[in-house]
Amino acid sequence: MSQIEKNALVLGASGGLAQALIAQFVADQTINTVIAVSSKPAPENLVVDKSLVWIQTDYTEPAMVEVVAQLVDYTGSIARVCICHGLLHTDNLWPEKRLEDIKPEALHEIFQANAVVPALWLKLLHKVLKAKQPTVVAALSARVGSISDNRLGGWYAYRSSKSALNMLLKNIAIEYARRVKNVKLISFHPGTTDTALSKPFQAAVPEGKLFTAEFVAERLTGIMDNAVVDGELSYLDWDNKTIPY
Ligand SMILES: NC(=O)c1ccc[n+]([C@@H]2O[C@H](COP(=O)([O-])OP(=O)(O)OC[C@H]3O[C@@H](n4cnc5c(N)ncnc54)[C@H](OP(=O)(O)O)[C@@H]3O)[C@@H](O)[C@H]2O)c1
């Protein structure tokens, strides 16, 4: 595959923000193919053709290794990666309000989705991402993962999984700077966005502060287009402002 080709990879592709990012990348004339990876089948409204490839997986490490094997042909041509995994609540799991709500199973489940799976992708993908051209990788994090910004407490599993994600990304940025020098890593806070993840909490969001996924996807792709490969992790919000760790 030609080195000048530009492709985009969206991991955790069925979510609200991921779907908006896929739409942005598909509409971008400079991007040849968008590769979407999800635990779910492609939504029916998506046209899956040579410009959009959909790969289904569970997120065990052997299954992720198989996904990466399918990406080997794209080595050197993936210019954009969005890691969109994120879990806050399920039918059986709700963000903790107080100490008594802390449950080992919830901590494990949320850490697995929010920190372990993104770190495994960056472990498994490094050879595919090595390129002559810049590759910008954005992992969707959250401001609540900022330890210095934590004034309210609560949401033990989600907050701490995002702090762990940030530390994993920081470590990976240090090692990538030596081994995969073309990659810029961004830990990105989208702001409260109208998706399934935020749905139960939207009533508390002040007027005008709930973003559409399309707005956030536009902001993030703009930030990625202007990112400079400097071997550092940047922790940025939707307004391109740096968040303190
Ligand atoms: N929406 C907000 O207000 C908001 C605010 C701050 C940060 N964020 C962050 O933005 C990211 C995207 O969230 P969203 O709002 O688009 O939420 P969403 O619509 O609920 O999407 C969640 C995504 O997480 C993946 N996922 C769910 N359970 C998983 C599991 N057990 N293992 C691995 N992956 C799993 C799904 O991937 P599949 O395609 O495989 O199902 C899906 O793409 C998340 O990291 C979230 O924490 C969102």
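Coordinates for the structure precede this section.
The notes below deal with the structure included here. All of these numbers come straight from a predicted model, not from anything done at the bench.

So, about the pairing of strand S1 (residues 7–11). Of all five residues making up S1, five are buried, and the element is well covered by its neighbours. Alternating positions in S1 separate into two faces, Asn7, Leu9 and Leu11 on one and Ala8 and Val10 on the other, with burial throughout. As paired elements, S1 and strand S4 (residues 78–83) share five bridges and run parallel to each other. The residue bridging Leu9 from the neighbouring strand is Val81, located in S4. Where S1 and strand S2 (residues 34–38) come together, four bridges link them in parallel fashion. Paired with Ala8 across the bridge in S2 is Val34. The handedness of the S1 to S2 crossover, carried by helix H1 (residues 16–27), is right-handed.

Scanning the model with the defined rule gives eight aromatic pairs in all. Note on Trp155 and Tyr158: the rings are 6.0 Å apart at their centroids and 80° apart in plane angle, and the pair reads as edge-to-face. By relative accessible area, Trp155 is classed as partly exposed at 28%. The rings of Trp94, Trp155, Tyr158 and Phe201 are connected pair by pair, giving a single aromatic cluster.

On to the site of the ligand, then. Around the ligand, 27 residues are found, and the nearest of them are Gly12, Ser38, Tyr59, Tyr158 and Thr195. Within the backbone of Ser14, a nitrogen or oxygen atom sits 2.8 Å from an oxygen atom of the ligand. Interatomic distance of 2.8 Å between a backbone N/O atom of Gly16 and an oxygen atom of the ligand. Surface burial for the ligand is 87%, taken as the share of its 890 Å² of free accessible area covered by protein chains. Counting residues per element, the ones that place at least two in the shell around the ligand are H1 and helix H5 (156–179). Taken together, the residues of the shell around the ligand break down into eleven nonpolar, 14 polar and two charged.

Rules behind the numbers
- Residues numbered from 1 in each chain as written.
- Predicted model: local features only at pLDDT ≥ 70, side-chain atom pairs only at ≥ 80, totals over all residues.
- Heavy atoms only, no water.
- Buried < 20%, exposed > 50% of the residue type's maximum accessible area, 1.4 Å probe, protein only.
- Helix = DSSP H or I, 4+ residues; strand = E, 2+ residues; numbered from the N terminus.
- Pairing = 2+ DSSP bridges.
- Right-handed = clockwise from strand over helix to strand, strands pointing away.
- Phe/Tyr/Trp six-rings, centres within 6.5 Å; stacked < 30°, edge-to-face > 60°.
- Near = heavy atom within 4 Å.
- Polar contact = N/O pair within 3.5 Å; in protein donor to acceptor, adjacent residues only side chain to side chain.
- Areas by Shrake-Rupley, 256 points an atom, 1.4 Å probe, with all protein chains shown as cover.
- Nonpolar A, V, L, I, M, F, W, Y, C, P; charged D, E, K, R; others polar.

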